[in-house]
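Residue-level listing of the chains:
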Amino acid sequence: MKFKYVVVGAGLAGITVAERIATQLNEEVLVIEKRNHIAGNVYDEYNDDGILVQMYGPHTFHTNDKEVFDYLCQYCKWHEYQHRVLSYVNGNFVPMPISLETINQLYNLNLSEFEMDDFIESRKVKIEEIKTSEDVVLSQGGQDIYEKFFKYFTIKQWGVDPSELDKSVISRIPFRKNRDTRYFTDQYQGNPYGGFTKMCKNMLNHQKIKLMLNTDYKEVIDDIEYEKMIYTGPIDYYFDYKLGKLKYRSIKFIFETYDCESYQPVASTRWPMDYDYTRITEFKKMTGQKHDKTTILKEIPCDGEEPFYTFPTAEWKDLAQQYRDLASKEKNVIFLGRLAEYKYYDMDDVIRRALDIFEEIKV
Ligand code: FAD
């Protein structure tokens with residue numbers, strides 16, 4: 001088989017580059033995907049009850065990058081939606097991220113925007129040298145906020161106490177001094193009508209794009225002649241783990257369907273204390289779907305085989321850098337995306353990166 005371009009991975013990164021190659025260069029491109037579906041981690045499908053669910057965790061699109069937004073508009077229409085998150089603290093839901101509303105509801109106060117500064121100031125713990133994530137939160141929000149919102153949540157999320165995590169993991173805690181309770185403040189926010197998989201399918205719908213599902217690229221790559229590979233799989237796997245295996249945090253997903261229209265007040269709730277799970281997502285509230293029943297997803301972070309979050313400590317960053325140094329010496333292979341760069345990217349960031357990479361390869 002002969003292709004000028006081979007893309008490994010049919011997630012957003014790979015699909016965007018493949019779409020650009022086909023539509024802008026009119027060149028044939030082969031996309032190889034090891035799973036039995038496209039869309040990578042933004043894959044969604046209708047479950048047995050007919051509710052659209054995201055199989056690898058909840059995703060909401062948000063960006064200030066107009067070019068990325070316009071690019072996707074070619075392939076989907078949007079259900080415009082403002083993501084809102086509530087945190088379950090002391091038996092009540094309060095808005096996240098922490099805003100004036102959160103402080104007023106949590107402490108039963110009626111502070112104005114001007115009084116918020118003084119309140120936070122009076123709570124802060126003085127720490128001479130800020131080294132850990134615990135120091136960051138204590139020095140910015142004080143003990144009570146640290147324990148109620150961050151300490152146990154971080155332990156669940158990463159399996160590590162914040163006092164053992166570098167300060168860069170929580171470099172700043174966002175305090176909104178106003179009453180804005182939206183989770184994101186980006187200009188463009190929403191989810192594609194019919195889901196992300198439908199959008200990805202539209203992006204791949206070009207006669208120059210050939211798709212090979214259920215195939216690990218290593219099984220076939222020796223039989224393919226190509227000029228350039230865009231690799232979006234795990235960087236350590238590409239190099240046969242020769243420097244060791246990179247660490248990821250995984251997630252156990254528990255889907256539950258209820259015979260009622262609504263399960264919780266907003267699409268996403270955070271559970272920083274007491275429970276094993278960190279988040280509960282109610283999909284219909286994100287997608288705008290109307291249905292008599294509702295499906296929720298509970299997320300329990302764990303150590304597992306499926307890689308979700310890159311591990312935010314110096315040890316793994318150093319190892320990833322060593323792999324990146326190896327990658328930079330590879331001829332004709334471009335490493336792109338969250339797995340190939342060992343970097344957390346939001347969807348808009350990974351599409352922006354893919355569009356930029358395309359500009360580099362097209363010349
Ligand atoms: P992926 O989607 O992982 O695609 C890589 C593809 O490569 C996969 O399909 C994989 O199967 C394939 N592959 C791997 N190895 C091989 C191989 N050997 N051979 C062939 N194929 C291979 N972003 C937002 O903007 N908003 C959100 O709300 C949001 N929520 C998130 C929630 C969770 C739980 C997580 C983990 C991430 C979230 N993100 C969110 C980030 C978003 O998921 C990523 O930006 C996006 O998935 C990155 O796309 P990608 O193509 O780099 O990686």
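About the thresholds
- Residues numbered from 1 in each chain as written.
- Predicted model: local features only at pLDDT ≥ 70, side-chain atom pairs only at ≥ 80, totals over all residues.
- Heavy atoms only, no water.
- Salt bridge = Lys/Arg side-chain N within 4 Å of Asp/Glu carboxyl O.
- Helix = DSSP H or I, 4+ residues; strand = E, 2+ residues; numbered from the N terminus.
- Buried < 20%, exposed > 50% of the residue type's maximum accessible area, 1.4 Å probe, protein only.
- Near = heavy atom within 4 Å.
- Polar contact = N/O pair within 3.5 Å; in protein donor to acceptor, adjacent residues only side chain to side chain.
- Areas by Shrake-Rupley, 256 points an atom, 1.4 Å probe, with all protein chains shown as cover.
- Pairing = 2+ DSSP bridges.
- Axes fitted to C-alpha atoms, helices over the stretch in contact; angles between N-to-C directions.
- Phe/Tyr/Trp six-rings, centres within 6.5 Å; stacked < 30°, edge-to-face > 60°.
- Lys NZ or Arg CZ within 6 Å of the ring centre and 35° of its normal.
- Contact = heavy atoms within 4.5 Å.
- Disulfide = S-S within 2.5 Å.

With that settled, the discussion passes to the pattern of salt bridges. Counted by the stated rule, this structure contains 23 salt bridges. The closest approach of N and O atoms between Asp-180 and Arg-182, which form a salt bridge, is 2.8 Å. The salt bridge partner of Lys-245 is Glu-305, with a shortest N-O separation of 3.5 Å. In this pair, Lys-245 sits in the loop between helix 8 (235-238) and strand 12 (248-258) while Glu-305 sits in the loop between strand 15 (294-302) and strand 16 (309-310), placing the two residues 60 residues apart along the sequence. The exposure class of Glu-305 is exposed, given its relative accessible area of 69%. The structure contains a network of salt bridges with shared partners spanning Asp-65, Glu-67, Arg-352 and Asp-356.

The subject of this paragraph is the site of the ligand. With respect to spatial proximity, 34 residues lie near the ligand, and among them Glu-33, His-59, Arg-338, Tyr-345 and Met-347 are the closest. Measuring from a nitrogen atom of the ligand, one finds a side-chain N or O atom of Asp-216 at 3.2 Å. Tyr-345 places a main-chain nitrogen or oxygen 2.6 Å from an oxygen atom of the ligand. Notes on the ligand: free accessible area 1000 Å², of which the protein chains cover 97%. The set of elements that each furnish at least two residues to the shell around the ligand consists of helix 1 (12-25) and helix 11 (347-361).

This next bit is on the sheet that holds strand 17 (residues 333-335). Across the sheet, five strands lie side by side as 10-2-1-11-17; this open sheet has parallel pairing. Edge positions in the sheet fall to strand 10 (209-212) and strand 17, since each of these pairs with one other strand and no more. Geometrically, the sheet is characterised by an average inter-axis angle of 20° between neighbouring strands, direction not taken into account. Relative to strand 17, strand 11 (residues 225-231) runs parallel, the two being bridged by three bridges.

Another aspect to go through is the pairing of strand 11. With six bridges connecting them, strand 1 (residues 2-8) and strand 11 associate as parallel partners. Bridging across to strand 11, Val-6 finds its partner in Met-229.

Moving on, we get to the packing of aromatic side chains. Within this structure, the stated rule accounts for 31 aromatic pairs. Aromatic pair Phe-93 and Trp-271: ring centres 5.8 Å apart, planes at 85°, arrangement edge-to-face. With Phe-93 in strand 8 (residues 92-96) and Trp-271 in the loop between strand 13 (268-270) and strand 14 (279-282), this pair connects stretches of sequence that are 178 residues apart. Of the residues examined, Trp-271 reaches a relative accessible area of 9% and is grouped as buried. Considering the side-chain rings of Tyr-238 and Phe-239, the 4.8 Å spacing of their centres and the 75° angle between planes classify their relative orientation as edge-to-face. Across the pair, exposure class does not vary: Tyr-238 and Phe-239 are buried alike. An aromatic cluster is present here, built from Tyr-217, Tyr-231, Tyr-237, Tyr-238, Phe-239, Tyr-241, Tyr-323 and Phe-335 joined pairwise through their rings. Sitting over the face of the ring of Tyr-107, Arg-123 holds its NZ or CZ atom 4.6 Å from the ring centroid. Directly above the ring of Phe-153 sits Arg-270, whose terminal nitrogen or CZ lies 3.9 Å from the centroid.

Attention shifts here to the sheet that holds strand 9 (residues 188-192). Sheet architecture is open: three strands sit in the order 5-9-6, paired in antiparallel fashion. Each edge of the open sheet is held by one strand with a lone partner, namely strand 5 (61-63) and strand 6 (78-80). Along the sheet, successive strands turn relative to each other by an average axial angle of 40°, direction set aside. Bridge analysis of strand 6 against strand 9 gives three bridges, and the strand direction is antiparallel.

As for its placement among the helices and strands, Thr-132 is situated in the loop between helix 4 (113-123) and helix 5 (133-158). Since its relative accessible area comes to 15%, Thr-132 is described here as buried. Looking at Thr-132, its side chain comes within polar contact range of the main-chain nitrogen of Glu-134, at 3.3 Å. Filtering out sequence-adjacent residues up to four positions away, Thr-132 remains in contact with Pro-162, Ser-163, Leu-165, Asp-166 and Lys-167.

Further remarks concern the state of the cysteines. What the rule picks out here adds up to zero disulfides. Lacking any disulfide linkage, Cys-76 is separated from the closest cysteine sulfur, that of Cys-73, by 6.1 Å.

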